[in-house]
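Take a look at the letters that make up each chain.
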Amino acid sequence: MFKGSLVALITPFRDGNVDETAFQELVAWQIGQGTHGLVPCGTTGETPALEHDEQRRVISLCAEVAKGRAPVIAGTGSNSTPHTIEATLQAKEAGADAALIVCPYYNKPTQEGLYQHFKTVHDAVDLPIVVYNIPGRTSVDMSNATMARLAKLPNIVGVKDGTNDLSRPLKMRVEIGAEFSLLSAEDATAVGYLAQGGDGCISVTANVAPRLCSEMHVAWQKGDVATVRAINERLIPLHDALFIETSPAPVKYAASLLGRCTPDVRLPLWETTPATQEKVRDAMRGAGLLN
């Protein structure tokens, strides 16, 4: 079961291309800082702006560094079932340990359509699948009943929950059981999610504060609520700053302040404004990540 602090990895660019060296150094740093799982090619990794061969390469680069030290959960979802199957097969070949598959966006399938989409992918590829439910981006919300139905399939192992509804994890835990991984997609409410039965968070903030995020989750697992509260209070301004503009532009700028990559994003995303940059810098300093 996946748990703890998992990072929604950014994809560094340099001169318009994937910066493979910076990416692998980022992955190695994450593992060294205690990150419990690696999620390449998600929305934070700008997958919609990556070519198919770039996606395969990024997943392969991640798995090459991870070497079993942390699970690699590769983003492979799209609003086309055949394309999702193809991407998931390629992720498995590239060394991924699991796939993160988003609910099909824009075409707004029914609950039965959602079930059949995920079941079809499940039956076509022998790889654990984490469902990514984020209605704010997809315009479709998978119900708990559909999630529970999917959880009966052996390779549907968890959810990345982007609903920001803190009643969801408790209800899913009751309906689905203890073995299903409940992972928050929202840094700012991750502790609340844990308190309601969650297992961890697929975090944007962990790109720049991996040790703090890891320590917070480890403290939670040990029942050290005082440490959890102290770290959470330290990080909340950073959580907010990293979403002032569309992610991952702010977190890439934050990573650039640490020398981890350039702040470059690909169109249709654009660089952060000076005002946002100032807020990110202030939040990084407040968290003790910058002098």
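Residues numbered from 1 in each chain as written. Predicted model: local features only at pLDDT ≥ 70, side-chain atom pairs only at ≥ 80, totals over all residues. Heavy atoms only, no water.

Caption draft 1: Seen up close, the pairing of strand β7 (residues 129–133). For β7, the buried fraction is high: five of the five residues fall into the buried class. Side-chain alternation along β7 places Ile 129, Val 131 and Asn 133 on one buried face and Val 130 and Tyr 132 on a second face that is also buried. When strand β6 (residues 98–102) meets β7, the two strands line up parallel, connected through four bridges. Paired with Ile 101 across the bridge in β7 is Val 131. The β-α-β motif built from β6, the intervening helix α4 (residues 111–124) and the parallel element β7 has right-handed crossover chirality. As judged from the five bridges shared by β7 and strand β8 (residues 156–161), these two strands associate in the parallel manner. Bridged to Ile 129 within β8 is Ile 156. (Buried < 20%, exposed > 50% of the residue type's maximum accessible area, 1.4 Å probe, protein only. Helix = DSSP H or I, 4+ residues; strand = E, 2+ residues; numbered from the N terminus. Pairing = 2+ DSSP bridges. Right-handed = clockwise from strand over helix to strand, strands pointing away.)

Caption draft 2: Local environment of the nonpolar core. Within the largest apolar cluster, 49 residues are counted, with the highest numbers of intra-cluster contacts made by Leu 9, Val 27, Leu 38, Val 208, Leu 235 and Leu 238. When residues of this core are assigned to their parent elements, the largest contribution, six residues, is made by helix α2 (residues 52–66). Counting residues in hydrophobic clusters, the runner-up holds 23 residues, among them Ile 101, Leu 114, Val 121 and Leu 127. (Core = buried A, V, L, I, M, F, W, Y, C linked by side-chain atoms within 4.5 Å.)

Caption draft 3: A look at the layout of surface pockets. Put simply, the largest pocket is a space of about 840 Å³. Around the largest pocket, the lining comprises 37 residues; the ones closest to its centre are Thr 47, Pro 48, Gly 77, Ser 78 and Tyr 105. At the level of elements, α2, α3 (81–94), β6 and α5 (135–138) are the ones that each hand at least two residues to the lining of the largest pocket. The biggest single contributor to the lining of the largest pocket is α3, with five residues. Of the pockets and cavities examined, the second largest pocket occupies roughly 230 Å³. (1 Å grid on protein atoms, 1.4 Å probe; cavity = no way out; pocket = protein on both sides within 12 Å on 5 of 7 lines; lining within 4 Å. Points joined across faces, edges and corners; volume = space filled by probe spheres on them.)

Caption draft 4: Up close: the sheet that holds strand β5 (residues 73–75). Spatial strand order, β4-β1-β10-β9-β8-β7-β6-β5: eight strands in an open sheet with parallel pairing. On the outer flanks of this sheet lie β4 (37–39) and β5, each paired with one strand and no other. Strand-to-strand, the axes of this sheet are offset by a mean angle of 25°, without reference to chain direction. (Axes fitted to C-alpha atoms, helices over the stretch in contact; angles between N-to-C directions.)

Caption draft 5: Geometry of the packing of aromatic side chains. By the definition in use, this model includes zero aromatic pairs. Across the ring face of Tyr 115, the terminal group of Arg 149 is positioned such that the distance to the ring centre comes to 3.6 Å. The ring centre of Trp 29 lies 4.0 Å from the NZ or CZ of Arg 260, which sits over that ring. (Phe/Tyr/Trp six-rings, centres within 6.5 Å; stacked < 30°, edge-to-face > 60°. Lys NZ or Arg CZ within 6 Å of the ring centre and 35° of its normal.)

Caption draft 6: Local environment of the pattern of salt bridges. Taken as a whole and judged by the stated rule, the model has 10 salt bridges. Between Asp 123 and Lys 119 there is a salt bridge whose closest N-O contact spans 2.7 Å. With Asp 123 and Lys 119 both in helix α4 and four residues apart, the pair spans about one turn of that helix. A salt bridge links Asp 165 to Arg 168; the nearest nitrogen and oxygen atoms lie 3.6 Å apart. For Asp 165, a relative accessible area of 30% puts it in the partly exposed group. Relative accessible area serves as the criterion here: at 14%, Arg 168 is assigned to the buried category. Three or more residues are tied together by salt bridges with common partners; here these are Asp 141, Asp 165 and Arg 168. (Salt bridge = Lys/Arg side-chain N within 4 Å of Asp/Glu carboxyl O.)

Caption draft 7: Region of interest: unusual backbone geometry. Cis geometry marks the peptide bond from Ser 247 to Pro 248; its omega dihedral reads 15°. By secondary structure assignment, the location of Pro 248 is in the loop between α10 (225–241) and α11 (249–257). In this chain, Leu 267 is followed by Pro 268 through a cis amide linkage whose omega measures 15°. Considering the arrangement of structural elements, one finds Pro 268 in the loop between α11 and α12 (274–286). Phi is positive for Tyr 106, close to 75°, though the residue is something other than glycine.

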